Amino acid sequence: EAGVTQSPTHLIKTRGQQVTLRCSPISGHTSVYWYQQALGLGLQFLLWYDEGEERNRGNFPPRFSGRQFPNYSSELNVNALELEDSALYLCASSKGQGLLNTEAFFGQGTRLTVV
Amino acid sequence: AQSVTQPDIHITVSEGASLELRCNYSYGATPYLFWYVQSPGQGLQLLLKYFSGDTLVQGIKGFEAEFKRSQSSFNLRKPSVHWSDAAEYFCAVGARIGSSNTGKLIFGQGTTLQVKP
């Protein structure tokens, strides 16, 4: 069974540009989560999608947004990139609605560098 | 506020020695607790989880953890460390508001494990 897959694995963007990161969850999982892992800041919760709806978002500005498609895959969009957006972006998926009695499985991440 | 603390930023152990990584949480109700491991440049791999029941939980790669409500702890242990265990380890709690699920994991800052030959 395939795990959570993310694309691309690495990318470099210029400050002010926009970027889209993609995530395919494990088959049968309906919830998708996005986390940012920036140097020195640890793992920070960005967004939670379930059944195509945004269920919760972390303390990030509105230029961080995303969506979930009918096949449960997800995109994370970041507009007006800033240098401090440089980070590893991790996607995770789980069965059911969120993390009630279930665990999240993570992908390998997308390394974003903003120059 | 819900939080997770991993007091040890960096730990070095000799191969074959035992290991204990500490995790303390702050949470009002029974927590959902997790340990993840991350190799350099990689994603997170789930080692084990605690939702309820037996307070000693077994995970993959020979790891176990014990939930101690009185101490608000969920320490990770392994009786004999292998060189391949060198990685960063994260403890996390599933955040809820009352009984409502937020879909959010609150992570500790991580503990980097170095294994000496």
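The preceding data block contains the structure.
Residues numbered from 1 in each chain as written. Chains lettered and ligands numbered in written order. Predicted model: local features only at pLDDT ≥ 70, side-chain atom pairs only at ≥ 80, totals over all residues. Heavy atoms only, no water.

**Student:** Please explain the pattern of salt bridges as it appears in this structure.
**Tutor:** Two side chains bearing opposite charge may form a pair once their charged atoms approach each other closely. Under the definition given, this model contains 10 salt bridges over all chains. With a shortest N-O distance of 2.8 Å, Asp85(B) and Lys78(B) are connected by a salt bridge. For the pair formed by Asp85(B) and Lys78(B), the shared burial category is buried. Through salt bridges with shared partners, a single ionic network connects Arg22(A), Arg67(A) and Glu75(A). (Salt bridge = Lys/Arg side-chain N within 4 Å of Asp/Glu carboxyl O. Buried < 20%, exposed > 50% of the residue type's maximum accessible area, 1.4 Å probe, protein only.)

**Student:** So what exactly am I meant to see when it comes to the side chain of His29(A) here?
**Tutor:** Residues and elements named next belong to chain A. Relative to the helices and strands, His-29 resides in the loop between strand 3 (19-24) and strand 4 (31-38). For His-29, a relative accessible area of 5% translates into the label buried. Within the local environment of His-29, its side chain forms a polar contact with the backbone nitrogen of Ser-94, the two atoms lying 3.4 Å apart. (Helix = DSSP H or I, 4+ residues; strand = E, 2+ residues; numbered from the N terminus. Polar contact = N/O pair within 3.5 Å; in protein donor to acceptor, adjacent residues only side chain to side chain.)

**Student:** What is the right way to look at the sheet that holds strand 3 of chain A in this model?
**Tutor:** All names here are of chain A. Spatially, four strands are ordered 1-3-8-7 in an open sheet, and the strand pairing comes out antiparallel. Of all strands in the sheet, those with a lone pairing partner are strand 1 (5-7) and strand 7 (64-68), marking the two edges. Direction aside, neighbouring strands of the sheet carry axes that sit 20° apart on average. Strand direction decides the pairing type here: strand 7 and strand 8 (residues 74-78), joined by five bridges, are antiparallel. (Pairing = 2+ DSSP bridges. Axes fitted to C-alpha atoms, helices over the stretch in contact; angles between N-to-C directions.)

Spatial relationships are all this shows, so hold off on functional conclusions.
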